Amino acid sequence: MLGKLATYLRMCGYDTAYALDRDVEADDRLLRMAAEEGRTLLTRNVRLAERAGRDEGVPGALLLETREVVDQLAELRAAGFVLALANPPRRCSVCNGRVEAVAEGESRPDYAPNDGSAWRCRNCGQLFWKGSHWDDVAATLASVSVSEEES
């Protein structure tokens with residue numbers, strides 16, 4: 001239920017495991033994964049958040065109350081998360097793998113920049129660069145900051 005949020009967090013450089021990427025849906029498995037990997041559990045499920053709060057192995061849990069990703073980002077910022085694009089990018093927004101710079105002249109699609117400003121995921125091979133999507137995400141993160149300051 002938080003797939004879009006996972007993408008934003010990865011673009012901000014957070015090591016973000018998304019349960020459905022791992023075919024994990026059962027609450028017990030989610031709690032075990034969070035405990036074993038030392039992860040804070042983000043959820044919209046009240047009962048799951050309560051269980052995580054009682055489970056000594058889970059480092060923490062944050063219950064998100066809103067459905068829209070911009071509102072969820074505001075909740076995270078209010079909880080102390082730093083929400084700014086990682087520069088240079090560190091995580092693949094698709095699979096959470098680490099990304100590395102693509103050398104100038106290295107093989108890439110014709111539509112990707114060939115000026116040294118691209119990154120490739122070590123896990124899935126996805127190619128990234130700072131294009132219009134990067135700008136859109138930056139604008140969204142900036143709007144979360146502005147709307148918080150106005151309230």
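Preceding this section is the structure that the text describes.
Each value, and the rule that gives it
- Residues numbered from 1 in each chain as written.
- Predicted model: local features only at pLDDT ≥ 70, side-chain atom pairs only at ≥ 80, totals over all residues.
- Heavy atoms only, no water.
- Phe/Tyr/Trp six-rings, centres within 6.5 Å; stacked < 30°, edge-to-face > 60°.
- Helix = DSSP H or I, 4+ residues; strand = E, 2+ residues; numbered from the N terminus.
- Buried < 20%, exposed > 50% of the residue type's maximum accessible area, 1.4 Å probe, protein only.
- Contact = heavy atoms within 4.5 Å.
- Pairing = 2+ DSSP bridges.
- Axes fitted to C-alpha atoms, helices over the stretch in contact; angles between N-to-C directions.

(A) View of the packing of aromatic side chains. The final tally for this structure, using the stated rule, is two aromatic pairs. An angle of 50° between the planes, with centres 5.7 Å apart, marks the rings of Tyr-14 and Phe-81 as tilted. Of this pair, Tyr-14 sits in the loop between helix H1 (3–11) and helix H2 (27–37) while Phe-81 is found in the loop between helix H4 (69–78) and strand E3 (99–101), placing the two residues 67 residues apart along the sequence. Here Tyr-14 falls in the partly exposed class, since its relative accessible area comes to 27%.

(B) Expanded view of the environment of Val-99. Looking at the element boundaries, Val-99 is found in strand E3. Note: C-alpha distance between Val-99 and Trp-119 (20 residues apart in sequence) is 5.9 Å. Not counting residues up to four positions away in its chain, the partners in contact with Val-99 are Pro-89, Arg-90, Arg-91, Cys-92, Trp-119, Arg-120, Cys-121 and Phe-128.

(C) Structural detail: the pairing of strand E4 (residues 118–121). When E3 meets E4, the two strands line up antiparallel, connected through three bridges. Bridge pairing links Val-99 to Cys-121 in E4. Bridging between E4 and strand E5 (residues 127–129) involves three bridges; their strand directions are antiparallel. Directly across from Arg-120, in E5, lies its bridge partner Leu-127. The hairpin formed by E4 and E5 contains five residues between the paired strands, and Gly-125 there has a positive phi angle of roughly 85°.

(D) Region of interest: the sheet that holds E3. Read across the open sheet, the three strands follow the order E3-E4-E5; overall the sheet is antiparallel. Of all strands in the sheet, those with a lone pairing partner are E3 and E5, marking the two edges. The sheet shows a mean angle of 35° between the axes of neighbouring strands, direction not considered.

In short, geometric facts, not functional conclusions.
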